[in-house]
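Reading the structure
Here's the letter readout for the chains.
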Amino acid sequence: MRIGAPDQAPSGIAAEVSYFLKAPKMIIGGAAHDGETGRFEVFNPADGSLLAQVPEASEADVDRAVAAARAAMEGPWGEMSGAARTGLMLKLADLIEAQGEELAQLETLENGKSIMMSRLIEVLSSAEYIRYMAGWATKIRGETLDVSIAIPPGTKYTAFTRKEPVGVVAAITPWNFPLNMAVWKIAPALAAGCTVVLKPAEETPLTSLRLAELVREAGFPDGVVNVVTGGGAVGAALVRHPGVSKITFTGSTETGKAIGVQAMKDVKPVTLELGGKAPMVLFDDMDLGLLGPATGIGIFLNTGQTCCAGARLFIQRGIYDEAVATLKGIVSSLPMGPGMDPANQINPLVSAKHQDHVSRAIAQGISDGATPLLDGAAPETGYYVAPQLFEGAGPGSALMQDEVFGPVATITPFDSEDEVIAMANDVRYGLGASLWSRDINRVMRLVPKVQAGTVWINSHNIPDQNMPFGGFKQSGLGREHGSGALDNYLETKSVCVAYS
Ligand code: NAD
């Protein structure tokens, strides 16, 4: 079903969506698979109702999926040219768009997010991402190398490097952008010639399962993309599986550390995209007309459930009172309600567990002495938390240091550049940051001082497929996007040729 206009509410749940929800299945070796250990429940965050029952993968299912991925690697997929891989990936992107409305509705149903976000980011930007990565499949190249080997005398040498697919990739994804995060991993892996076993988050497995069906429909050989579903134990079984050659993970810093430890035990390459606590630094000379997008996109996009969300605002003293009054006005008027109505900018959080986590973080902030500025109420049905802004949070407090991952931000005044850079960097994370100013000299002077993988200027929270993305400090290891993303999935082999 063709995707709806971003700002149009669906007239009802599409028939294909209702059909899919009846019995979603894992895809292993190109075949639908029910699993052996029963099913787990997925809920609709908008009202807490049961949405679907999804197979819980066993260790044997993980074994099967890795074996299928390995067999595909050693079979026709391993022999395929880059151009053939490009062709299949372009077909997949077209299918994602062709089934766009179904995927968007599934995403909003399982995650709670705005249907507008589901259409624009989960579907359309995922299709574009696959097309972008498809182009790299025909551009993989090594180098020829001048070497100076002098023995035995009289022998000449030349050397070159080959880039080869690393092998079977274990991809583990979080719940905040379920389809998009899956695509961020699958697309470069396929372009590089790898095969994948994907383990989506247990809260939001549905669009990944549907994606695997579309991979099959696009004509990829069996076993190139497999999806196993379940909780952290399934992810852990995949990470430690000896048949896996590379791990790529997006999720919390705590889980990322555990995965990193296991990867190092097995000496396996690992890419980690982890948590964040991004600063947004608003200088006196900023265009105050940008406070709207700064708030709606920078802080509250996806109801604050983004790794780069501007969770800590620093506002220079000269505009402090005016900016805080404007922010309060904007945030208290953000429409709150189910994601199926695209007018709603604040939607339910992903789960009852996460609603509890965010509510507890707000209560902790108050008991630690921070002042809440808003008194909005959240709907009682569904996993809602009303947005909140805090003043007066102590620099070492949980509210300033720990990821809340919800519609919550702190506001702190500052006077000088040195003072604000020290405060902005005073966290264990370093994923994103933004500087808001009209002064190009100031901005260029400060960019090198900000400890973050991405620094936006007069904008925040918007990644691009061509712009490397990843974290400094405990926000991760490695970069996704851009040509460099492919290197995550390629090994370098040096070939040294002797001749006389
Ligand atoms: P999470 O770490 O709880 O779970 C992420 C995934 O890991 C899930 O699929 C989960 O089942 C799996 N998992 C849990 N324990 C595991 C284990 N021991 N071994 C292997 N897999 C395991 O994270 P979450 O709550 O789903 O996602 C939110 C987090 O993701 C936030 O911290 C957010 O900042 C981060 N995130 C980061 C980026 C980025 O690019 N840096 C993007 C989106 C989200």
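Notes on the structure follow.

Cut-offs and rules
Residues numbered from 1 in each chain as written. Predicted model: local features only at pLDDT ≥ 70, side-chain atom pairs only at ≥ 80, totals over all residues. Heavy atoms only, no water. Axes fitted to C-alpha atoms, helices over the stretch in contact; angles between N-to-C directions. Helix = DSSP H or I, 4+ residues; strand = E, 2+ residues; numbered from the N terminus. Parallel < 35°, antiparallel > 145°, perpendicular 65-115°, else oblique. Left-handed = near helix turned anticlockwise from the far one by under 90°. Contact = heavy atoms within 4.5 Å. Nonpolar A, V, L, I, M, F, W, Y, C, P; charged D, E, K, R; others polar. Pairing = 2+ DSSP bridges.

**A word on the packing of helix α5 (residues 100–111) against helix α6 (residues 115–136)**
- Two numbers describe how α5 lies on α6: the axes approach to 8 Å, and their chain directions differ by 120°. Put simply, α5 runs oblique to α6. Crossing handedness for the pair α5 and α6: right-handed. Across the interface between the two elements, Gly100, Glu101, Leu103, Ala104, Gln105, Glu107 and Thr108 from α5 touch Ile115, Ser118, Arg119, Glu122 and Val123 from α6.
- Taken together, the residues of the contact of α5 with α6 sort by class into 4 nonpolar, 4 polar and 4 charged.

**Brief notes about the sheet that holds strand β22 (residues 490–499)**
- With respect to topology, 3 strands assemble into an open sheet ordered β5-β6-β22, the strand pairing being antiparallel. Taken across any chain shown, the strands that pair with only one partner, and hence form the sheet edges, are β5 (144–145) and β22.
- Bridge count between strand β6 (residues 156–165) and β22: 10 bridges; the pairing is antiparallel. Paired with proline 165 across the two strands is leucine 490, which belongs to β22.

**Regarding the sheet that holds strand β13 (residues 310–316)**
- Ordered by their spatial adjacency, 7 strands build an open sheet running β14-β15-β16-β13-β12-β18-β19, and the pairing between neighbours is mixed. Among the strands making up the open sheet, the edge pair consists of β14 (371–372) and β19 (454–457).
- Taken together, the 4 bridges between strand β15 (residues 388–391) and strand β16 (residues 408–414) define a ladder with parallel strand orientation. Bridge assignment links glutamate 391 to a residue of β16, and that residue is isoleucine 411.
- Across the face of the sheet, helix α11 (residues 291–299) comes into contact with β12 (278–282), β13, β16 and β18 (432–436) while running at roughly 180° to β12.
- Packed on one face of the sheet, helix α13 (residues 352–367) meets β14, β15 and β16 and runs near 25° to β15.

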